[in-house]
Amino acid sequence: MAERVALVTGGNGGIGTEICRQLGQSGYRVITTCLDAEKENLAGWQAELNAEGVDAAYVECDVADFESCARMARQVEESHGPVDVLVNVAGITKDAFLHKMDADAWAAVLNVNLNSVFNVTRQFVVGMRERGFGRIINIASVNGQTGQFGQTNYSAAKAGMHGFTMALAKEGARKGVTVNTVSPGYIDTAMTAAMPDDVREAIVAQVPAGRMGQPADIARVVRFLAADDAGYITGANIPVNGGLFCSF
Ligand code: CAA
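- Looking at an unreviewed UniProt entry, one finds the chain named 3-oxoacyl-[acyl-carrier-protein] reductase, with Alkalilimnicola ehrlichii as its source organism.
- As stated in UniProt under Sequence similarities (unreviewed entry), the record for the chain gives "Belongs to the short-chain dehydrogenases/reductases (SDR) family."

## Regarding the overall build of the chain
- The helix and strand tally for the chain stands at nine helices and seven strands.
- In terms of overall size, the chain behaves like a compact globule, its C-alpha atoms giving a radius of gyration of 17 Å where 248 residues would be expected to give roughly 18 Å.
- Here the C-alpha coordinates of the chain stretch approximately 50 × 40 × 35 Å along the principal axes.
- Evaluated residue by residue, the chain yields a buried proportion of 48% over its 248 residues.
- Across the chain, the fraction of contacts at a sequence separation of at least 24, relative to all contacts at a separation of at least 6, is 75%.
- Here the chain carries 20 positive and 27 negative side-chain charges, and the mean point of each set is 8 Å from the other.

## Section: the site of the ligand
- Around the ligand, the surrounding shell holds 20 residues, and the nearest of these are Asp95, Lys100, Ser141, Gln151 and Tyr154.
- Interatomic distance of 2.8 Å between a side-chain N/O atom of Asp95 and a nitrogen atom of the ligand.
- Residue Gln151 places a side-chain N or O atom 2.9 Å away from an oxygen atom belonging to the ligand.
- A total of 1000 Å² of accessible area belongs to the ligand in isolation, and the protein chains cover 60% of it.
- Contributing elements (two or more residues each) for the shell around the ligand: α7 (190–193) and α8 (197–205).
- When the residues that make up the shell around the ligand are grouped by side-chain class, the tally is ten nonpolar, eight polar and two charged.

## Points about helix α1 (residues 14–25)
- With twelve residues, α1 ought to run about 16 Å at 1.5 Å a step, and its terminal C-alpha atoms sit 17 Å apart, in line with that.
- Most of α1 is tucked away: ten of the twelve residues are buried.
- The set of residues buried in α1 consists of Ile15, Gly16, Thr17, Glu18, Ile19, Cys20, Arg21, Gln22, Leu23 and Gly24.
- Downstream of α1 by one or two residues, Gly27 has phi in the positive range, about 100 degrees.

## Side note on the pairing of strand β1 (residues 5–9)
- Most of β1 sits inside the fold, with five of its five residues counted as buried.
- On β1, burial covers both faces: Val5, Leu7 and Thr9 on one face and Ala6 and Val8 on the other are all buried.
- Inspection of the sheet shows β1 paired to strand β2 (residues 29–34) by five bridges, in the parallel sense. Considered in β2, the bridge of Ala6 is made with Val30.

## A closer look at the packing of α1 against helix α9 (residues 215–226)
- Where α1 contacts α9, the two axes come as close as 8 Å, and the packing angle between them is 45 degrees. It follows from the interaxial angle that α1 and α9 lie oblique. Here α1 and α9 pass one another in a crossing that is right-handed. Along its contact with α1, which presents Gly14, Ile15, Glu18, Ile19, Gln22 and Leu23, the element α9 presents Pro215, Ala216, Ile218, Ala219, Arg220, Val222, Arg223 and Ala226.
- Taken together, the residues of the contact of α1 with α9 break down into nine nonpolar, two polar and three charged.

## With respect to the side chain of Asn138
- Mapped onto the secondary structure, Asn138 falls in strand β5 (residues 134–139).
- A distance of 2.8 Å separates polar atoms of two side chains, one belonging to Asn138 and the other to Asn88.
- Excluding its chain neighbours within four sequence positions, the residues that come into contact with Asn138 are Asn88, Val117, Met161, Phe164, Thr165, Val179, Asn180, Thr181 and Val182.

## Observations regarding the UniProt feature "domain: Ketoreductase" (unreviewed entry) in the chain
- Feature annotation in UniProt places "domain: Ketoreductase" (unreviewed entry) on residues 4–190, given in this structure's numbering.
- Each end of residues 4–190 is marked by a C-alpha atom, and these two atoms are 30 Å apart; helix forms 50% of the span and strand 18%.

## Topic: the pattern of salt bridges
- The full count for this structure, using the stated rule, is nine salt bridges.
- Note that Arg29 and Asp55 form a salt bridge whose closest N and O atoms lie 3.0 Å from each other. With Arg29 in strand β2 and Asp55 in the loop between α2 (42–51) and β3 (56–60), this residue pair connects regions lying 26 residues apart in the sequence.

## Section: the environment of Gln22
- By the secondary structure assignment, Gln22 is in helix α1.
- Given the relative accessible area of 8%, Gln22 is considered buried.
- Along the sequence, Gln22 and Ile136 sit 114 residues apart, while their C-alpha atoms lie 16 Å from each other.
- Ignoring anything within four residues of it in the chain, the contact list for Gln22 reads Ala216, Ala219, Arg220 and Arg223.
- Reaching out from Gln22, the side chain makes a polar contact with the side chain of Arg223 at a distance of 3.3 Å.

The rules behind the values
Residues numbered from 1 in each chain as written. Predicted model: local features only at pLDDT ≥ 70, side-chain atom pairs only at ≥ 80, totals over all residues. Heavy atoms only, no water. UniProt positions renumbered as here; feature names shortened; annotations may be inferred. Helix = DSSP H or I, 4+ residues; strand = E, 2+ residues; numbered from the N terminus. Rg over C-alpha atoms; globule rule 2.2 N^0.38 Å. Buried < 20%, exposed > 50% of the residue type's maximum accessible area, 1.4 Å probe, protein only. Contact = heavy atoms within 4.5 Å. Lys, Arg positive; Asp, Glu negative; His and termini not counted. Charge placed at Lys NZ, Arg CZ, Asp CG, Glu CD. Near = heavy atom within 4 Å. Polar contact = N/O pair within 3.5 Å; in protein donor to acceptor, adjacent residues only side chain to side chain. Areas by Shrake-Rupley, 256 points an atom, 1.4 Å probe, with all protein chains shown as cover. Nonpolar A, V, L, I, M, F, W, Y, C, P; charged D, E, K, R; others polar. Expected span 1.5 Å × (residues − 1). Pairing = 2+ DSSP bridges. Axes fitted to C-alpha atoms, helices over the stretch in contact; angles between N-to-C directions. Parallel < 35°, antiparallel > 145°, perpendicular 65-115°, else oblique. Left-handed = near helix turned anticlockwise from the far one by under 90°. Salt bridge = Lys/Arg side-chain N within 4 Å of Asp/Glu carboxyl O.

The structure is reproduced here in structure tokens:
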């Protein structure tokens, strides 16, 4: 079988890079989207992964913009062939209490974290259905399950991602297209490093595992869900949060 192709939005971020690494180590060709390859030093990102034996590439795209995603999809398919695995990772925070939040902070977080999932997935779902194989994995958050101070925008977007997952899982089930969510807890990345230290420390103190998670903790679940033999797992949300929020 030809090498499977995985597209990871935001695959050059903290969690995204590790997802690319682990998928690459499992034999996938991985492609990340980025906003600005030069500013974000994608050449360096690619060189690092290539040196580890990972077949990695990148493409510029604004995931918040549907037309930009349509162009990106054409470019990816021309250069690398059909996309078998799509991992929607791209995300931002703009934390503020709602009584202080401006409309831009609301719109930016909804556009980048949730509308992006439509903008990108819509480009690839037709081909996945036609070929009878697809793996779509949405990276949400524990804060979409619980709500979090200062994150009405982010919590709404992340909860919305799982609604999307469940609905599309039903649509894809007879076509070999699985759709699942992974909900990370507090993971050691630039996003959590940007939180006020006292707030982060107070939250980590409540994590039963007694520590933050690592990007690898998320990537190993993505690798599991992406596998060819994971075809009966669909519409699921897999929490990876060190016990911070337990539910069923
Ligand atoms: N739990 C309990 N109380 C909290 C709280 C929390 N998580 N966050 C804020 N508060 C309380 C503060 O302690 C403070 O209480 P007092 O008035 O009694 O002192 C009050 O709320 C106001 O807080 P601030 O003075 O900090 O108010 P602010 O307007 O300057 O900022 C905030 C509010 C934006 C919520 C800020 O506290 C903040 O950034 N908090 C972190 C939010 C957060 O958890 N973000 C997660 C980012 S990581 C991520 O999102 C990744 C992921 O998926 C898990």
